Amino acid sequence: MTKGPPAIQGRVPKAGLITPSSGIKGNGSASVPRGPVPTRPLPQPHPKDEDTLVQMAEHIPAGFRTPMCAHCNMVIRGPFLVALGKSWHKEEFNCTHCRKSLADIGFVEEQGTVYCEHCYEDFLAPTCSRCQDKILGEVINALKQTWHVHCFLCATCQQPIRNNTFHLEEGAPYCEQDFYSMFGTSCHGCEFPVEAGDKFLEALGYTWHDNCFVCAVCCITLEGQTFFSKKDKPLCKKHAHTLKI
């Protein structure tokens, strides 16, 4: 049986009697011992930002079909373009800003309006916080900034975080696995991380989820209860002197 630390004012506690401290896990890094974490797969090459907003109109030859032009609402009698699910006279599918024809060049649609690639870059495309280039594909919005998918990386494994959960430590983003490996705390009972918002206990030099801190014999919860310990295992009063641990 272990003994608890001497009490204040000269009182000596009963042998083995300990009261845990408790709290709720915050977002900061932990200073308690770390438990084991799952093995992380080897880092993979950075994926390319292949998802682009730039589209191309489809040229349709003259035929039996006579669609309505989305710009002038007139019947198109002859070759026409198909873009954004609509049909257009070739000479009327133009960039909203510079009026350049979009018949044979890439265009970007923004809230129902079309722009050539250059005008979209100059006036509408967000700038990547890391590389400072314009983003013409999928955008990651994080830390009040915009990023290319392949530019918003975990500070440790250097893999794109994408839309997954991440954590900040001293202003740097970390994927969940690396964050808990480097800064997190694992529950001594279940060995899973004690995450932000979790209720936890500090006892026997370890951290426990509140529902994992139970008697090693009968599994009754010891949260908020005085308990005994043997071989670093918590015991309720009933099983404080058990021989089989």
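- The name an unreviewed UniProt entry gives the protein chain is PDZ and LIM domain protein 5-like, with Notothenia coriiceps as the organism.
- Entered under Subcellular location (unreviewed entry) in the UniProt record, the comment concerning the protein chain runs "Cytoplasm".

1. A look at the environment of Asn141
Here is step 1: As for its placement among the helices and strands, Asn141 is situated in strand S7 (residues 139-142).
Here is step 2: Considering only alpha carbons, one finds Asn141 and Phe152, 11 residues apart in sequence, at a separation of 9.4 Å.

2. Overview of the state of the cysteines
Here is step 1: This structure, assessed with the given rule, holds 0 disulfides.
Here is step 2: The closest cysteine sulfur to the non-disulfide-bonded Cys95 is located on Cys98, 3.6 Å from its own sulfur.
Here is step 3: With relative accessibility at 0%, the residue Cys95 sits in the buried group.
Here is step 4: Not engaged in a disulfide, the cysteine Cys175 finds its nearest cysteine sulfur in Cys154; these two sulfurs lie 3.7 Å apart.

3. Comments concerning the sheet that holds strand S4 (residues 86-88)
Here is step 1: Reading across the sheet, the 3 strands line up as S2-S3-S4 and stay open at both edges, with antiparallel pairing between neighbours. With partners counted over all chains shown, the strands left at the sheet margins are strand S2 (58-60) and S4, one partner each. Going across the sheet, the axis of each strand differs from the next one's by a mean of 35°, ignoring polarity.

4. What to know about the confidence of the model for the protein chain
Here is step 1: Across the protein chain, pLDDT averages 78, with 78% of residues at or above 70.
Here is step 2: Low pLDDT, under 50, characterises residues 1-49; the predicted model gives this stretch 99 contacts beyond four residues in sequence or across chains.

5. Some points on the nonpolar core
Here is step 1: Formed by 17 residues in total, the largest nonpolar core has its most connected members in Phe93, Leu102 and Phe107.
Here is step 2: Elements represented by at least two residues in this core include exactly strand S3 (80-83), strand S5 (107-110), strand S6 (113-116) and helix H1 (117-123).
Here is step 3: By residue number, the principal contributor to this core is S6, which donates 3 residues.
Here is step 4: Filtering out sequence-adjacent residues up to four positions away, Leu102 remains in contact with Ala57, Phe93, Asn94, Cys95, Phe107, Val114, Tyr115 and Cys116.
Here is step 5: Listed in part, the 16 residues of the second largest apolar core include Ile140, Ala142, Trp147 and Cys157.

6. A few points about the pairing of S7
Here is step 1: Residue alternation in S7 divides its side chains into a buried set, Ile140 and Ala142, and an unburied set, Val139 and Asn141.
Here is step 2: Here S7 pairs with strand S8 (residues 145-148) via 4 bridges, running antiparallel. What sits directly across from Ala142, in S8, is Gln145.
Here is step 3: As consecutive antiparallel partners, S7 and S8 are separated by 2 residues, and within that stretch Leu143 has a phi angle of approximately 55°, a positive value.

Parameters at a glance
Residues numbered from 1 in each chain as written. Predicted model: local features only at pLDDT ≥ 70, side-chain atom pairs only at ≥ 80, totals over all residues. Heavy atoms only, no water. UniProt positions renumbered as here; feature names shortened; annotations may be inferred. Helix = DSSP H or I, 4+ residues; strand = E, 2+ residues; numbered from the N terminus. Disulfide = S-S within 2.5 Å. Buried < 20%, exposed > 50% of the residue type's maximum accessible area, 1.4 Å probe, protein only. Pairing = 2+ DSSP bridges. Axes fitted to C-alpha atoms, helices over the stretch in contact; angles between N-to-C directions. pLDDT = per-residue confidence, 0-100. Contact = heavy atoms within 4.5 Å. Core = buried A, V, L, I, M, F, W, Y, C linked by side-chain atoms within 4.5 Å.

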